[in-house]
Amino acid sequence: MTANGWLQILLFLAAVAAVTEPLGAFMARVFARERTWLDPVLRPIERAIYRLTAVDETREMRGIEYGMAMLAFSLVSMLVLYALLRVQAFLPLNPQGLAAVAPDLAFNTAASFTTNTNWQAYVGESTMSYLTQMAGLAYHNFVSAAVGMALAIAFIRGIANERREGLGNFWVDLTRGTLWVLLPFCFVGAMVLVSQGVVQNLRPYDRAQLVDPQGAVTEQVIAQGPVASQEAIKMLGTNGGGFFNANSAHPFENPTATTNALELLAIFAIPAGLTATLGRMTRSRRHGWAIWAAMAALFLVGVTVCYWAEARGNPLFAGTDQTAGAMCPGGNMEGKEARFGIAGSALFATVTTDASCGAVNAMHDSFTPLGGLVPLVNMMLGEVIFGGVGAGLYGMLIFVVLAVFIAGLMVGRTPEYLGKKIEAFDVQMAMLAILVFPLVTLLFTGISAISPSFGTSSLSNPGPHGLSQLLYAFTSGTANNGSAFAGLSANTPWYNATIGVSMLIGRFLTIVPMLALAGNLAGKTRVPPSPGSFPVTTPLFAMLLVGVIVIVGVLTFFPVISLGPIVEHLLLQAGTTF
Amino acid sequence: MTTVRPHRLWQPTLMRVSLVEAARKLDPRLMVKNPVMFVVETGAAFTTVLLIRDAAGGRAGVGFELQIVLWLWATVLFANLAEAMAEGRGKAQADALRRTRTDAMANRLVDGRLDPVPAASLRRNDVVVVSAGELIPSDGEIIDGVASVDESAITGESAPVIREAGGDRSAVTGGTRVLSDRITVRVTSDPGHTFLDRMIALVEGAERQKTPNEIALNILLAGLTIVFLMAVVTLQPFAVYAQAAQPLFVLVALLVCLIPTTIGGLLSAIGIAGMDRLIQHNVLALSGRAVEAAGDVHTLLLDKTGTITLGNRQAASFIAVDGLSERDLADAAQLASLADETPEGRSVVILAKQQFGMRGRELAAAAATFVPFTAQTRMSGVDLDGREIRKGAAEAVMAYVRANGGTVPDALRDVVERIARGGGTPLVVAERGRALGVIHLKDVVKGGIRERFAALRAMGIRTVMVTGDNPLTAAAIAHEAGVDDFLAEATPEDKLALIRREQQAGKLVAMTGDGTNDAPALAQADVGVAMNTGTQAAKEAGNMVDLDSNPTKLLEIVEIGKQLLMTRGTLTTFSIANDVAKYFAIIPAMFLTAYPVLGALNVMRLATPQSAILSAVIFNAVIIVVLVPLALRGVRFVPMSAAALLRRNLLVYGLGGIVAPFAGIKAIDMLITAIGLA
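Below or above, wherever it landed, is the structure these notes cover. None of the values given here were measured: they were computed from a predicted structure. The numbers attached to residues start from 1 for each chain and follow its sequence in the written order. As a convention, the first chain written is A and the first ligand written is 1, with the rest following in written order. Under the rules for a predicted model, residues below a pLDDT of 70 receive no local features and side-chain atom pairs below 80 are neither given nor counted, while totals for whole chains, interfaces and linings still include all residues. To get the side-chain values, take all heavy atoms of the structure and skip hydrogens and water.

With that out of the way, let us pick up the overall build of chain A. Numbering of helices and strands runs from the N terminus; a helix is a DSSP stretch of H or I covering at least four residues, while a strand is a stretch of E covering at least two. In terms of regular secondary structure, chain A is built from 17 helices and four strands. Relative to its 578 residues, chain A shows a buried fraction of 65%. Only heavy atoms enter the contact rule, under which two residues are in contact if any of them lie within 4.5 Å. Partitioning the contacts of chain A with sequence separation of at least 6, the portion at a separation of at least 24 is 79%. Areas reported here follow the Shrake-Rupley algorithm with a probe of radius 1.4 Å; residue values treat only the protein chains shown as occluding. Accessible area of chain A: about 19400 Å², with a carbon and sulfur share of 68%. Charged residues are defined here as Lys and Arg on the positive side and Asp and Glu on the negative side; His and the ends of the chain fall outside this count. Taken as the charge centre is NZ of Lys, CZ of Arg, CG of Asp or CD of Glu, depending on the residue. Here chain A contributes 29 positively and 30 negatively charged side chains, and the mean placements of these two sets differ by 12 Å. Think of it in three bands: with a 1.4 Å probe and only protein chains considered, a residue is buried below 20% of the maximum accessible area for its type, exposed above 50%, and partly exposed in between.

Shown next, in the form of structure tokens:
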């Protein structure tokens, strides 16, 4: 580990802290339908949209209605994407003449982008036409993020509202989140990316003569496309679906250290900002910061372990110099880009899995066992360390409800969260929302692990490393992260179907109990706080929250990670690799 | 103060009964109500079948399997034992109460004639006559007469109490004994619904229903059980993948160790013990919900008299006027009070003795005539050797002075006004036409009450004093006692309105009361504690009855409610925190053959894989028994802020819960290795 590496990590965290409050305040205004400086431009567009779609923007929806609107919207969007994938060969903006996407892959991809997962069982540059990329995938990058934000805002309203059943209007939240938050930032972001060398065109792929021909191979195809516009929302919306297969390791997606830093910041910006939005909407800014602190603490632990494990290098190369120096990045550089180095890669891997982004700038499969354990555990904790846009916050708030419940009992009082009593129904919904993820992940990983014909046949490595690959795939899918450990040939009917189903369950079966919980909380009376009620603004609360998240996650997954990354690490120290 | 009747925890007779009861509770139809322990019982039954199969097949290693099976059954049995012990304590008390239930005859009054009927046949509105030495046959209200009654069967208090027709002391309880005189009682309960019947049912736990927080916690525990069930079930495929398929015995053992058996096994015992603790404080909670609500209370309505102040006002100082010395005033006041047997009068005598060393004089010899207090004169006093000393309400005595040709000095008026403004009561002393001075009577705040209110405030509980006094007086006492607020010149309607107002703001209110006009407020309050000496209406309106009729006990009730919730919360945390150590014991043991490097996770250095698994299972079972006393007594409660309380409990039960099993499992491993069990 180097001072420079730590400086990068700490500067990044400082930047996240700096954007949290302004962005959070801005979003609070946007979703409260208060005036912002963008109104002169956006308000007419917004009104036109409502007129066109016959939406009454003043109408409040209860939890069930909000959920139904969200499900209907997602279903239609998913079907449209599926259709687009199946017929792209007949549509324009397809200079490479790419064929229709196979049904299982089309289902998997449609589920993936609808759920903000962006798991990619395909190779972008050889599968998706420009039209599909722009109208299909980029569209979902926007709206799936906006849906996540809307749901988080609905949940916050449930906590903040006083005896009012309504959680807001889904259509309004969706529209305002897209128009006011996502579009303006992406517009600016795309411009900055272009200035750094990210391509933005609709040209056929270039062919370049190799300077140093490799036998019969004398030329290289260089893929092109409208990359910058998609790259911006890919990061800001914590989508993570790369335009190219190499994702953010590709020089056209992430050309410089500057773009790397900006992309990292874009991943955490909205999830961090939403904690401040929570603080403002519940009139307890310190509560927002307490949650931010819990997230930041978990982030720091993860990035420290990952950076340490990668910087330490490979024990099997004991004879070679693996220390960082002026001429050598040091550590385990397999699968990492030289322009990002160890710190830049470890930081990216941590951030992309803390948030449910899933973009990668290095191959997680090539990380050391412990370095690769960090992204895996980040996802296993439920994608709540800042987490996906919106999804991270409402996921975190479910843990908050549990933490508050336990804390309440420990201080001898019926638990209450910001003055709202946490009762049997609330605990039930919170537990349901938390149960879904481990159930689906463990079930499908388990079946795949003992099925040689369709399960283990896709693994590129035997032993514990193969188990890690399997586990990573289903964890990433169900947690709606979308990053891949690679090494697993996922484009098979079994994996396309099961990971597709995992993504849908992981997203929507968590949302349903979450909205039920929000709706129930909304209708409750707010009890004024007293010294007898447990404060949710203190470091103690942040620590308790971290404890609950870690205990739930670790207790659920300890057996399987001990058979995967942990045993692999121990074996590597003993000189065995897979 | 409170009479606490502690019982010993491990009484041999109680244990015998409890063990039988624990075995009876193994019935799956009863077990299914407790999802966590039901899973354990299912696991135990399942492994028993496997054991029989293996033993019949003559397989090696049956000894280990037998031990696992036995300990699994022991886990279930220990949990049942905890519940049975908690119930057993109530049952013993119920039996004692049942003995007092009377089979005697009652004298029913029909058309002016006494008609002997069995007490059990009495119905509501029957009228009976009870004479000295007889048991009162049923609950009722005295409609004629006055009697001293021995209520020790109900309250445990041996001193007899006076019960009389009319007013707030008219209620009598079936099963208590009339010691003197003769009363006519109208029966207010039907057979089987008397106070004694309800009390028996309550202490036996027959009517126990799960409280809201208990239900919520049960859901959490069931959810965790599902998570662990899933983690263990899917472990087998991963084990198969690692070419280390696990015996089912080991998987069941792991599951039982992981699911929260500690809290699952103790949960209902904690609830029963909470009710029982109230009973030991001589408080009957008519529902578990009320006990839980007591822990949540935000606002306590406390009657001034009896709760905050001692019952009566007492002389605090003498203020002489008109050039008289305080000593002379005290002398006159004492003379006027010597025959005054009211507490106020006695306090004047005592104050004079304390301040000036004046002893109570024997006045019978002198030609002294005492003038008692009447509502008309509002004065009392003495005529002695031609002197005529009077003391009484300011206006009355001033009128007396004027009537005797004297004038009232302005200084006296000032003093009277000052005392009244300060919340005291001025008693003016005069001798014919001359006003001597003023005795300052004060409410005396109970010792230590201020500190208790401060403790309550730290816990976030607001105290409101309720009094019939005028606002000035009330404010002064409120200030002295350190309550947060007061309600002066309070009528029962004001009380009810205050409760409603608090509840509308989402707060929970507790109060005590005894009179019939308290009944609506008692019914409205979230925790309404009726005094046992109170009227039948009050006792029916409240959800708790204090047999000692001590209003200060409300504070203890709140603490018991909090303690109940805290015990559940801390044991839940402890139970879950224990899992960390169990993983470190069992996981390396399971996969040591397939991956010898996993021995690195065996941080406790347990002897063999078998001893490791067995030690974890044994620890898991034994910890339930170890924690039974804590569950039944409740965790120690110290009034402090929620944040401080949480910090302490997280440290003790969270951190302790992680560390303790490492030591415990290691110790058990060493023990069973030494005696050759594994």
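Let us keep going from here.
A few words now on the interface of chain A and chain B. Facing 60 residues of chain A, the contacting portion of chain B comprises 59 residues. Buried surface at the junction of chain A and chain B, both sides included, amounts to about 5000 Å², of which 79% is carbon and sulfur. When two components associate, each loses some accessible surface as probed by a 1.4 Å sphere; the sum of these losses over both components is called the buried area. Counting the surface chain A buries against chain B, the share from its top three residues, Met-410, Leu-555 and Leu-563 of chain A, is 15%. Contacts described as polar in this section are N or O atom pairs within 3.5 Å, which, within protein, must combine one atom able to donate a hydrogen with one able to accept it, while residues neighboring in sequence count only if both atoms come from side chains. For the pair chain A and chain B, the number of links is ten residue pairs in polar contact (both at pLDDT 80 or more). Of all the elements in the fold, those that place two or more residues in the side of chain A that touches chain B are α13 (391-410), α14 (424-449), α15 (463-478) and α17 (539-573) of chain A. Counting residues per element, the side of chain A that touches chain B draws most heavily on α17 of chain A, which supplies 15 residues. Polar here means any residue outside two lists: the nonpolar Ala, Val, Leu, Ile, Met, Phe, Trp, Tyr, Cys and Pro, and the charged Asp, Glu, Lys and Arg; Gly therefore counts as polar. For the side of chain A that touches chain B, the per-class residue count stands at 40 nonpolar, 15 polar and five charged.

The next point concerns the packing of helix α10 (residues 261-280) of chain B against helix α24 (residues 609-633) of chain B. All names here are of chain B. Note on definitions: angles span 0 to 180 degrees between N-to-C directions of axes, and those axes are lines fitted to C-alpha atoms, for helices only across the stretch in contact. Where α10 contacts α24, the axes come no closer than 9 Å and their chain directions differ by 20°. Judged on the interaxial angle alone, α24 and α10 are roughly parallel. Pair α10 / α24 crosses with right-handed handedness. Between α10 and α24, the residues in contact are Thr-261, Thr-262, Leu-266, Ala-269, Ile-270, Ala-273 and Arg-277 and Asn-620, Ile-623, Ile-624, Leu-627, Val-628, Ala-631, Leu-632 and Arg-633, respectively. Across the contact of α10 with α24, the residue classes tally to ten nonpolar, three polar and two charged. Working rule for angles: under 35 degrees goes down as roughly parallel, over 145 as roughly antiparallel, 65 to 115 as roughly perpendicular, anything else as oblique. We call a crossing left-handed when the near helix sits turned anticlockwise from the far one by less than a right angle, and right-handed when that turn is clockwise.

What follows concerns the pattern of salt bridges. Salt bridge, as used here: a side-chain nitrogen of Lys or Arg that lies within 4 Å of a carboxyl oxygen of Asp or Glu. Per the stated rule, a full pass over the model turns up 43 salt bridges over all chains. For the salt bridge of Glu-21 of chain A with Arg-285 of chain A, the shortest nitrogen-to-oxygen distance reads 4.0 Å. Of this pair, Glu-21 of chain A sits in helix α1 (residues 3-31) while Arg-285 of chain A is found in helix α10 (residues 285-312), placing the two residues 264 residues apart along the sequence. Residue Arg-390 of chain B is joined to Asp-383 of chain B by a salt bridge in which the shortest nitrogen-to-oxygen separation is 3.1 Å. Judged by its relative accessible area of 8%, Arg-390 of chain B falls in the buried class.

All names here are of chain B. Most of strand β14 (residues 379-384) is tucked away: five of the six residues are buried. Two elements, strand β13 (residues 368-371) and β14, share four bridges in a ladder whose sense is antiparallel. By the bridge assignment, Thr-369 is partnered in β14 with Asp-383. Note: two strands are recorded as paired if DSSP finds a minimum of 2 bridges between them. Summarising the sheet, β14 and strand β15 (residues 387-393) pair through six bridges and their orientation is antiparallel. By the bridge assignment for β15, Asp-383 is matched with Glu-388. The turn joining β14 and β15, which pair antiparallel and follow one another in sequence, is formed by two residues; a positive phi near 50° is taken by Asp-385.

So, about the packing of aromatic side chains. Residues and elements named next belong to chain A. Note on aromatic pairs: the rings of Phe, Tyr and Trp (six-membered ring only in Trp) are paired at centre separations within 6.5 Å, and the planes decide the class, stacked below 30 degrees, edge-to-face beyond 60, tilted for the rest. Taken as a whole and assessed by the stated rule, the structure comprises 26 aromatic pairs over all chains. Here the aromatic rings of Phe-73 and Trp-171 are separated by 6.1 Å at their centres, their planes lie at 80°, and the arrangement is edge-to-face. Separated by 98 residues along the polypeptide, Phe-73 in helix α3 (residues 63-87) and Trp-171 in helix α7 (residues 170-195) bring together distant segments of the chain. Using a relative accessible area of 15% as the deciding quantity, one classes Phe-73 as buried. Their ring planes at 40° and their centres at 6.5 Å tell us that Tyr-130 and Phe-243 sit as a pair that is tilted. Remark: Phe-243 occurs in the loop between α8 (227-236) and α9 (257-281) and Tyr-130 occurs in helix α6 (residues 130-160); sequence separation between them is 113 residues. Overall, Tyr-130 belongs to the buried group, its relative accessible area being 2%. Its relative accessible area of 3% is what places Phe-243 among the buried residues. Among the aromatic residues, those joined into a ring-pair cluster are Phe-12, Phe-268, Trp-289, Trp-292, Phe-299 and Phe-386. A ring is scored as having a charge over it whenever the NZ atom of a lysine or the CZ atom of an arginine sits within 6 Å of its centre and within 35 degrees of its normal. The ring of Trp-180 carries Arg-176 above its face, with NZ or CZ at 4.1 Å from the centroid.

Bringing the sheet that holds strand β8 (residues 177-180) of chain B into the picture now. Residues and elements named next belong to chain B. Taken in spatial order, the three strands of this open sheet run β6-β5-β8, and their pairing is antiparallel. Where the open sheet ends on each side, the last strands, each with one partner, are β6 (161-164) and β8. The mean inter-strand angle of the sheet, taken between neighbouring strand axes irrespective of direction, is 50°.

On to the sheet that holds strand β21 (residues 527-531) of chain B, then. Residues and elements named next belong to chain B. Taken together, seven strands build an open sheet; the order of strands is β10-β22-β21-β20-β11-β18-β19 and the sheet is mixed. Of all the strands in the sheet, the pair left with one neighbour each is β10 (283-285) and β19 (485-487). Neighbour to neighbour, the strand axes of the sheet diverge by 20° on average, direction disregarded. Two strands pair when backbone bridges link them, and strand β18 (residues 462-466) and β19 are joined in this way by three bridges, in the parallel orientation. Across the sheet, the residue bridging to Val-464 is Asp-485, located in β19. The strands touched by α10 are β10 and β22 (544-546); relative to β10, the strand with the most contacts, the crossing angle is about 145°. Strands β11 (299-303), β18, β19 and β20 (509-513) of the sheet are contacted by helix α19 (residues 492-504), whose axis makes an angle of about 160° with β20.

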